[in-house]
Amino acid sequence: MTANIGIRKILTSFTRDRANLIPILQKSQAQKGYLSPEAITEIGHFLGITPNDIYSVASFYAQFRFERQGKHTIKVCQGTACHVRGGQQILEAVERELRLKPGQSTTADYQFTLERVACFGACALAPVMVIDDTVYGLMTVSRALKLVAEYRGK
Ligand code: FES
């Protein structure tokens, strides 16, 4: 299976020591942006751990993703400072713009993944929105929608 060839290649640089689980997960995620069920199974075989055990360890770490992510990640802050300055309206407007259904975080075309974040630690810039690694402060609904349109083409 093509999906597993990449994982197998990664595994050749590790010993079958369970202490290698986290570095293996990190390298595997770096390859595709998320940990697929096939990757988890392959890693489990290699280390002699069940997929369920891998999920329960990995889910402690916010860095690991188990679903395919969009090309761009939009994070809208919902912390107190951002909330009182319109963070909720920005989030809802972006959700509508991306046509996300309740519970859906990635667009059907895998162009965007939308996340709500508790606080970026940049409260002076509230409301804050982050796209990929760029922080956009003093956000408004109309600016947020313009940014979504800009990134759609990137
Ligand atoms: S509450 Fe939004 S950056 Fe702190």
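Here the structure is a predicted model, which is why all the values come from computation and not from measurement.

S.K.: For the packing of helix α2 (residues 21-32) against helix α4 (residues 51-58), give the residues involved together with the corresponding values.
M.R.: α4 packs onto α2 with a crossing angle of 85° between their chain directions and a minimal axis gap of 11 Å. With respect to α4, the element α2 is oriented roughly perpendicular. Packed against α2, whose contacting residues are Leu-21, Ile-22 and Leu-25, the element α4 presents Ile-54, Val-57 and Ala-58 at the interface.

S.K.: Describe in detail the pattern of salt bridges, supporting the description with residues and values.
M.R.: Here the structure, examined in full by the defined rule, presents four salt bridges. Among the ionic pairs, Arg-116 bridges to Glu-95, the shortest N-O distance being 3.6 Å. Here Arg-116 is found in strand β2 (residues 112-117), whereas its partner Glu-95 is found in helix α6 (residues 87-97), with 21 residues between them in sequence.

S.K.: I'd like a rundown of the nonpolar core, residues and numbers included.
M.R.: Membership of the largest hydrophobic core comes to 18 residues, with the highest contact counts inside it found for Leu-21, Ile-24, Leu-25, Ile-43, Leu-47 and Ile-54. Only α1 (2-11), α2, α3 (37-47) and α4 provide two or more residues apiece to this core. The dominant element in this core, judged by the number of residues it contributes, is α3, at five residues. Dropping the residues within four chain positions of it, Ile-24 is found in contact with Leu-11, Phe-14, Ile-43, Phe-46 and Leu-47. Grouped together as the second largest cluster of nonpolar side chains are 17 residues, Ile-74, Phe-112, Ala-144 and Val-148 included.

S.K.: Tell me about the side chain of Ser-28, residues and numbers included.
M.R.: Among the structural elements, Ser-28 can be located in helix α2. Exposure remark for Ser-28: the relative accessible area of 2% places this residue in the buried category. Every residue in contact with Ser-28, bar those within four places of it in the chain, is listed here: Ile-7, Ile-10, Tyr-34, Leu-35 and Ile-43.

S.K.: A description of the sheet that holds strand β4 (residues 134-136) should follow, citing residues and the corresponding values.
M.R.: Pairing within the open sheet is mixed, and its four strands lie in the order β2-β1-β3-β4. One side of each edge strand has no neighbouring strand; the edge strands of this open sheet are β2 and β4. Going across the sheet, the axis of each strand differs from the next one's by a mean of 20°, ignoring polarity.

S.K.: Pulling in residues and values, what's your account of the pairing of strand β1 (residues 72-77)?
M.R.: With five of its six residues buried, β1 lies for the most part within the structure. Sheet analysis places β1 next to β2, joined by six bridges and oriented parallel. Bridge assignment links Val-76 to a residue of β2, and that residue is Arg-116. Here β1 runs beside strand β3 (residues 129-131); their pairing, made up of three bridges, is antiparallel. By the bridge assignment, Ile-74 is partnered in β3 with Ile-131.

S.K.: So, the packing of aromatic side chains: which residues are in play, and what are the values?
M.R.: The tally for this structure, following the rule as stated, stands at two aromatic pairs. Ring geometry for Tyr-61 versus Phe-64: centroids 5.9 Å apart, planes at 70°, classification edge-to-face. With relative accessibility at 5%, the residue Phe-64 sits in the buried group. Of note, Arg-68 hangs over the ring of Tyr-110, and the distance from its end group to the ring centre comes to 3.7 Å.

About the thresholds
Residues numbered from 1 in each chain as written. Predicted model: local features only at pLDDT ≥ 70, side-chain atom pairs only at ≥ 80, totals over all residues. Heavy atoms only, no water. Axes fitted to C-alpha atoms, helices over the stretch in contact; angles between N-to-C directions. Helix = DSSP H or I, 4+ residues; strand = E, 2+ residues; numbered from the N terminus. Parallel < 35°, antiparallel > 145°, perpendicular 65-115°, else oblique. Contact = heavy atoms within 4.5 Å. Salt bridge = Lys/Arg side-chain N within 4 Å of Asp/Glu carboxyl O. Core = buried A, V, L, I, M, F, W, Y, C linked by side-chain atoms within 4.5 Å. Buried < 20%, exposed > 50% of the residue type's maximum accessible area, 1.4 Å probe, protein only. Pairing = 2+ DSSP bridges. Phe/Tyr/Trp six-rings, centres within 6.5 Å; stacked < 30°, edge-to-face > 60°. Lys NZ or Arg CZ within 6 Å of the ring centre and 35° of its normal.

In short, shape yes, function no, at least from these values alone.
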